[in-house]
Amino acid sequence: MTENRPVRPEPGRHNLDPHLDRYAARTAGMTASEIRALFAVASRPEVVSLAGGMPNLAALPLDTLSAQVGELIAEEGLVALQYGSAHGVPALREQICEIMALEGIKAHPDDVVVTVGSQMGLDMVTRLFCDPGDVIIAEGPSYVGALGSFAAYQADVVHVAMDDHGLVPEGLRAALAETRKAGRRVKFLYTIPNFHNPGGVTLAVERRAEIVEICRENDILIVEDNPYGLLGFSGQTYPALRSIDPDNVVYLGSFSKTFASGLRVGWVLAPHAVREKLVLAAESATLCPPTLNQLIVSRYLATHDWMGQIKTFRENYRERRDAILSALEQHMPTGCSWTKPDGGFYVWMTVPEGVDTKAMLPRAVTARVAYASGTGFYADGFGSRQLRLSYCYPTPERIREGVRRLAAVLESEMDLARTFGNVSPRSISGPQNPSPDTV
């Protein structure tokens, strides 16, 4: 395997980073996500942003929360503002077990490791299990933050297709067989079974046991990422993969979507032996997750009707989901298709041949609407005909206006394609040249 080194300047280019030759080889996989690059323009008030998956926190009882935080510091400030355990606050770990029980998970608090958001948990799991060149199986498309972590540790991603019922078991079997035939080692399956980001689909209940069995037969660990599981619009919860096979599933959870994303409190539930290594990894990364933030979450869970609050969130997001689906039906040109989520934050849309959603994005922003192009959700450059629409944050009125603007841009792109013919999108795999360190 060719050594993957940071990109060097081409002859005639000026090196803007004097440290370029000093970086570790793994930094070659560290590239800015397309989602992050959008925030500067998408946050402008005149732009309707259907790009970022920011929770809508307007429904939170801020007055009550501010009073509780003040009481917390007055009563427990010497603990809340002090170092803590890398394992996490014991009371919060017990509460997390009660939350996971809603999805059929039987867990002991000792096997829960509190993290600085579930992204930290995902990063630690990848660090513990993946050597450079190892393979991770993931849905195609997949969460952009996961792809970033996998690239940072130089793991290769093999995507498996989804349909309206989630990950396709036959596709998983085929991917495992092909990877094994190529003599490569698969370390784990990464999956978001509920209200997928970005796909918006949910893994069918009848497929869950089958996928768990496929991974067990092939000695493949499952990493189950479930930030949206309690945000089903009907109130339904689905059995977690962890509930089917506790010994072979590492479960990632978060309070970012069901309480407050800015507190950055998540967790990992892992088999006991893995738990020990996760605690060591957490100590090396942060020493400990912020005690104050954990105690805020714990007190909120103990004193607030948090299930009622989640119901309010669900109702808000369902209203926004309905707004975007009706607007898409009304405005989008023939040849477009999209998923119809029954929970979560996202709609995944496919546009007609000849339209490249990444190339179209600057023109959409000029028309004052933003989305996330599909290529950011694949590790192999695929997704040029797809885009993600996030309906969680804007008001229904803004959503409808954003879709109207997007449809007009798309109509214009289709006219160009009809006039000048289809241009095959350039396939891009891995870090792109030139790097940010060269001009």
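The preceding data block contains the structure.
This text gives an overview of the structure that appears in the document. For clarity, every value in this text was computed on a predicted model and none was experimentally measured.

Grouped together as the largest cluster of nonpolar side chains are 73 residues, with contacts concentrated most on Phe255, Phe259, Leu328, Met332, Met349 and Leu389. Counting residues per element, this core draws most heavily on helix α12 (residues 306-331), which supplies nine residues. Excluding its chain neighbours within four sequence positions, the residues that come into contact with Phe255 are Leu92, Ile96, Ile99, Ala260, Val265, Trp267, Val297 and Leu301. Core analysis: the second largest hydrophobic core is formed by 28 residues, Met120, Val125, Phe188 and Ala281 among them.

Let us look at the pairing of strand β7 (residues 221-225). Summarising burial for β7: five of the five residues are buried, a large majority. Note that strand β6 (residues 186-191) and β7 share four bridges and pair parallel. In the sheet register, Leu189 faces β7, and the bridge partner there is Ile222. Note that the unit made of β6, helix α7 (residues 205-217) and β7 has a crossover that is right-handed. Bridging between β7 and strand β8 (residues 249-254) involves four bridges; their strand directions are parallel.

Let's shift gears to the packing of aromatic side chains. Scanning the model with the defined rule gives 12 aromatic pairs in all. Relative to Phe377, the ring of Trp348 lies with its centre 5.7 Å away and its plane at 90°, an arrangement referred to as edge-to-face. One end of the pair, Trp348, is in strand β11 (residues 346-350); the other, Phe377, is in the loop between β13 (372-373) and β14 (386-390), with 29 residues separating them in the sequence. Ring geometry for Tyr378 and Phe382: centres 5.1 Å apart, planes at 75°, overall edge-to-face.

What counts, and at which threshold
Residues numbered from 1 in each chain as written. Predicted model: local features only at pLDDT ≥ 70, side-chain atom pairs only at ≥ 80, totals over all residues. Heavy atoms only, no water. Core = buried A, V, L, I, M, F, W, Y, C linked by side-chain atoms within 4.5 Å. Buried < 20%, exposed > 50% of the residue type's maximum accessible area, 1.4 Å probe, protein only. Helix = DSSP H or I, 4+ residues; strand = E, 2+ residues; numbered from the N terminus. Contact = heavy atoms within 4.5 Å. Pairing = 2+ DSSP bridges. Right-handed = clockwise from strand over helix to strand, strands pointing away. Phe/Tyr/Trp six-rings, centres within 6.5 Å; stacked < 30°, edge-to-face > 60°.

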